[in-house]
Amino acid sequence: MVQDFKKRFYVSLVITIPILILSPMIQQFLNVDWRFAGDLYILFALSTFVFFYGGLPFLTGAKDELKERTPAMMTLISLAIIVAYVYSTASVFGLAENNFFWELATLVDIMLLGHWIEMRSIMGASKALEELAKLMPSEAHLLNEDGSTTEVEVSELQSGQRVLVKPGEKIPVDGQIVEGKSSVDESMLTGESLPVDKSVDEEAIGGSINGEGSLVLSVTKTGEDTYLSQVITLVKEAQESKSRAQDLANRAAKWLFYGALAAGLITFTIWLLLGYSVSFAIERMVTVLIIACPHALGLAAPLVVAVSTSIAAKNGLLIRNRPAFEEARKIQAVVFDKTGTLTKGEFGVTDILPSDGYMEEDVISYAAAVESQSQHPLAQGIAKKAEASEIQVPKVHDFQSLTGRGLQGTVNDKQVLVVSPGYMKEANLSYSEDSFSKWSFEGKTVVFLLIDSQLAGMIALADIVRETAVEAVSELKSLGVKSIMLTGDHTQVAEYVGKQLGLEEIFAEVLPHEKSEKIVHIQEKEGLRTAMTGDGVNDAPALAKADLGIAVGAGTDVAIETADVVLVKSNPLDVVTIIKLSSATYRKMKQNLWWAAGYNIAAIPLAAGILYPLGIVLSPAVGAILMSLSTVIVAINARLLKI
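In this text, all values refer to a predicted model and were calculated from it rather than measured experimentally.

Under the criterion given, the structure shown has 19 aromatic pairs. Consider the rings of Phe 51 and Phe 52, whose centres lie 4.9 Å apart with planes at 80°: the pair is edge-to-face. Look at Phe 51 and you get buried, because its relative accessible area is 5%. Between the aromatic rings of Phe 52 and Tyr 85, the centroid separation amounts to 6.1 Å while the plane-to-plane angle is 75°, which identifies the pairing as edge-to-face.

Printed below as a string of structure tokens:
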């Protein structure tokens, strides 16, 4: 459509030049006389071409609007150019006084130019989809059983096949890494600015860019099932979904058509009754019809919708339910699931208490040596602590798992055990009861390090709170939004996390089926408009019940099915972004609707000639310029949402 309007505009513009030269009114204005026999017929032929070729999109649009019984801007434009063309044609054959061919041609040119600019604005706002689609490469290196590779179309790949991704290449499909280690740039997909380190057994997203290492992937998802395809579908659905403001604008445009038609007929009648010529009365009527075109009104909401959806997608916010997103600005309480939302869902070391003769580094070093042989979440937490603190981990020999009690091994010729409180009781070994009680009350898990049967230290581990969760709760508080935690975890654990975050209310030990009941309680008993933020699986009923359902992580099908908004980056701070973007979007829509409707209401009397006694009169072409200018202002204002 953009190219079509561009082509029609330039062709019509070229034809308009001889139309202007041949027009008696223009010659009179320039004080020249270029008239010759038959010039009006040439003028008629050229204008007829512009009317049908340049005006075709408007005439076709009017036909569609009238067919659906929703007359709006296309019908108004068509009515204006049809009246101008029919009256001007009548003048060529001596049935009327003046002709409006030059005004008809310039009006069509300006309308085409206005539409072209608008289409480019819409395309610019919707570029996110195009850019996302470009991310996916068309070919992949399929690994054969003998180790050789074959170039195949990405569309031919099947689940379970293995593909080679060379350094610097785009990852062709979603898959699990089976060989290799590399850093992967996922910024275009998740908004994460830094490359993410990936190794064996980790997932790689199709469309992301491989770094310095070679990777072998086992294909897990293809075609429409891939993460990128899901994102494209979600963005497309969001851009196509009707918003409440858009519906209001469309209804207003329909009534404005009837108002403009009535104003045009009244204008025509009054000027005739005042004794002015038919051509003058028609010129006033045509100007009213043109300037009343609710073009800006029709685009006021869709342009803002397109821009906000694009901004959201680029920031890892996938909007599924447009009306729910628009109402997010009214949210009074945000309910967070704990595990995986406010916390990382993985254990980390929170406290270390070394015994006499040992340092914290010694405790972690010996414990990590034994734990490095285990896949248990607690073991991984201690191993990550050693890695993060850059503590050297010695080798372990004679490793053995003590079922239900802990692990043991030989490290630096010493017998090392990492054991549970139960083992300590069985062995009747003493430890700091105060520290143990304090940590246990906070919901932490405590393990003990024994070296040669002597207590070397105590380590407390807990689900790590996300760094951004504290900031999110603080920002929500500044916006006047209440933060609430809803979790199935123990009360002590919930209160420990809640205290760290400064949460205002906590519901702990809540079963999955009770979560939606708690949402209803907050909505009805506390009278708060509520958003629910969860992982989209056990939180699905609560997500559906909330005024705004926000799923953390776009990987689960349930999240995509039940949530109004999906957070790609699993970042609690993005909840604040949703509320702020919703407020900014609503503000821009309101500005555009007020400008577009107010402009039309104020401009119609001016077009009708109310200031004619003061010598101010608008021609149809000037009316078209003003109308297009209004549309451009609306388009620019929508684009300013990015700021």
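Structure shown, so let's carry the discussion forward.
A pair can form between side chains of opposite charge whenever their charged atoms are brought close. Per the stated rule, a full pass over the model turns up 16 salt bridges. The salt bridge partner of Glu 327 is Lys 330, with a shortest N-O separation of 2.9 Å. The buried category is assigned to Glu 327, whose relative accessible area is 13%. When its relative accessible area of 39% is taken as the criterion, Lys 330 is described as partly exposed. By sharing partners, the salt bridges in this structure join Glu 327, Arg 329, Lys 330 and Arg 529 into a single network.

When the UniProt feature table is mapped onto this chain numbering, "transmembrane region" (unreviewed entry) sits at residues 9-29, 41-60, 72-94, 100-117, 255-274, 286-313, 593-615 and 621-641. Regarding residues 255-274, the helix share stands at 95% and the strand share at 0%, and the terminal C-alpha atoms are separated by 28 Å. Annotated as 70% helix and 0% strand, the span residues 593-615 places its first and last C-alpha atoms 31 Å apart.

Another aspect to go through is the packing of helix α4 (residues 56-67) against helix α5 (residues 73-92). Remark: α4 packs on α5, axes separated minimally by 8 Å, with the N-to-C direction vectors making an angle of 125°. Taken together, α4 and α5 sit at an angle that is classed as oblique. At the point where α4 passes α5, the crossing takes the left-handed sense. Residues Pro 57, Phe 58, Leu 59, Gly 61, Ala 62, Glu 65 and Leu 66 of α4 form the contact with α5, whose own contacting residues are Met 73, Met 74, Thr 75, Ile 77, Ser 78, Ile 81 and Ile 82. Of the residues in the contact of α4 with α5, the class split is 10 nonpolar, three polar and one charged.

The end-to-end C-alpha distance of α5 is 29 Å, a good match for the 28 Å that 20 residues give at a rise of 1.5 Å each. Along α5, 17 of the 20 residues are buried, which leaves the element largely enclosed by surrounding structure. Looking one or two residues beyond α5, the residue adopting positive phi is Gly 94, at roughly 75°.

This paragraph deals with the sheet that holds strand β8 (residues 209-210). Across the sheet, three strands lie side by side as β6-β5-β8; this open sheet has antiparallel pairing. Every interior strand has two partners, whereas the edge strands, β6 (196-198) and β8, have only one. As judged from the two bridges shared by strand β5 (residues 182-185) and β8, these two strands associate in the antiparallel manner. Along β8, the bridge assignment pairs Val 184 with Asn 210.

What follows is about the sheet that holds strand β12 (residues 343-354). Here we have six strands laid out as an open sheet, ordered β12-β17-β16-β15-β14-β13, and antiparallel in their pairing. Looking along the sheet, the strands with just one partner apiece sit at the ends: β12 and β13 (396-402). If you compare each strand with its neighbour and ignore which way they point, the axes differ by 20° on average. Bridge count for β13 against strand β14 (residues 406-411) is five bridges, and the pairing is antiparallel. For Gln 400, the partnering residue across the bridge sits in β14 and is Gln 408.

Given 3.6 residues to a turn, an α-helix orients residues that are three or four positions apart in the same direction. With 14 residues, helix α11 (residues 278-291) extends 20 Å from end C-alpha to end C-alpha; this agrees with the ideal 20 Å at 1.5 Å per step. Here α11 lies mainly inside the structure; 13 of its 14 residues are buried.

Before going further, it helps to examine unusual backbone geometry. Even without a glycine there, the phi angle at Asn 412 is positive, about 55°. By the element assignment, Asn 412 lies in the loop between β14 and β15 (414-419). In this structure, Glu 509 is a non-glycine residue whose phi angle is positive, near 55°. Relative to the helices and strands, Glu 509 resides in the loop between β19 (505-507) and α21 (512-524). In this structure Glu 509 comes out as partly exposed when scored by relative accessible area, which is 47%.

What follows concerns a nonpolar patch on the surface. A surface patch of nonpolar side chains, about 570 Å² in accessible area, is lined by Ile 17, Ile 21, Phe 29, Leu 30 and Trp 34. Residue assignment for the nonpolar patch shows that the elements contributing at least two residues are α1 (2-22) and α2 (24-30). Looking at the secondary structure, you find Ile 17 in helix α1.

Ile 331, Val 334, Leu 501, Leu 548, Leu 567 and Ile 578 are the most contacted members of the largest nonpolar core, which totals 49 residues. With 10 residues, the single largest contributor to this core is helix α24 (residues 573-608). Aside from chain neighbours lying at most four places away, what touches Val 334 is Leu 476, Val 481, Lys 482, Ser 483, Ile 484, Ala 531, Thr 533, Val 575 and Ile 579. Core analysis: the second largest hydrophobic core is formed by 47 residues, Phe 51, Val 108, Ala 260 and Met 285 among them.

Packing of α11 against α24 leaves a shortest axis separation of 8 Å and a crossing angle of 170°. When the axes of α11 and α24 are compared, the pair comes out roughly antiparallel. Where α11 approaches α24, its residues Arg 284, Thr 287, Val 288 and Ile 291 are matched on the opposing element by Tyr 599, Asn 600, Ala 603, Ile 604, Ala 607 and Ala 608. Split by residue class, the contact of α11 with α24 holds seven nonpolar, two polar and one charged.

This part takes up the pairing of strand β11 (residues 333-337). Most of β11 is tucked away: five of the five residues are buried. The alternating pattern of β11 places Ala 333, Val 335 and Asp 337 on one face and Val 334 and Phe 336 on the opposite face, and all of these are buried. As paired strands, β11 and strand β20 (residues 530-534) are joined by four bridges and run parallel to one another. Considered in β20, the bridge of Ala 333 is made with Thr 530. Of the strand pairs in this sheet, β11 and strand β18 (residues 482-486) are connected by five bridges, and their pairing is parallel. The partner of Val 335 across the bridge, within β18, is Ile 484.

Here is what the cut-offs are and how they apply
Residues numbered from 1 in each chain as written. Predicted model: local features only at pLDDT ≥ 70, side-chain atom pairs only at ≥ 80, totals over all residues. Heavy atoms only, no water. Phe/Tyr/Trp six-rings, centres within 6.5 Å; stacked < 30°, edge-to-face > 60°. Buried < 20%, exposed > 50% of the residue type's maximum accessible area, 1.4 Å probe, protein only. Salt bridge = Lys/Arg side-chain N within 4 Å of Asp/Glu carboxyl O. UniProt positions renumbered as here; feature names shortened; annotations may be inferred. Helix = DSSP H or I, 4+ residues; strand = E, 2+ residues; numbered from the N terminus. Axes fitted to C-alpha atoms, helices over the stretch in contact; angles between N-to-C directions. Parallel < 35°, antiparallel > 145°, perpendicular 65-115°, else oblique. Left-handed = near helix turned anticlockwise from the far one by under 90°. Contact = heavy atoms within 4.5 Å. Nonpolar A, V, L, I, M, F, W, Y, C, P; charged D, E, K, R; others polar. Expected span 1.5 Å × (residues − 1). Pairing = 2+ DSSP bridges. Patch = residues over 30% accessible without salt bridge, like charges linked within 9 Å, V, L, I, M, F, W, Y side chains within 5 Å. Areas by Shrake-Rupley, 256 points an atom, 1.4 Å probe, with all protein chains shown as cover. Core = buried A, V, L, I, M, F, W, Y, C linked by side-chain atoms within 4.5 Å.

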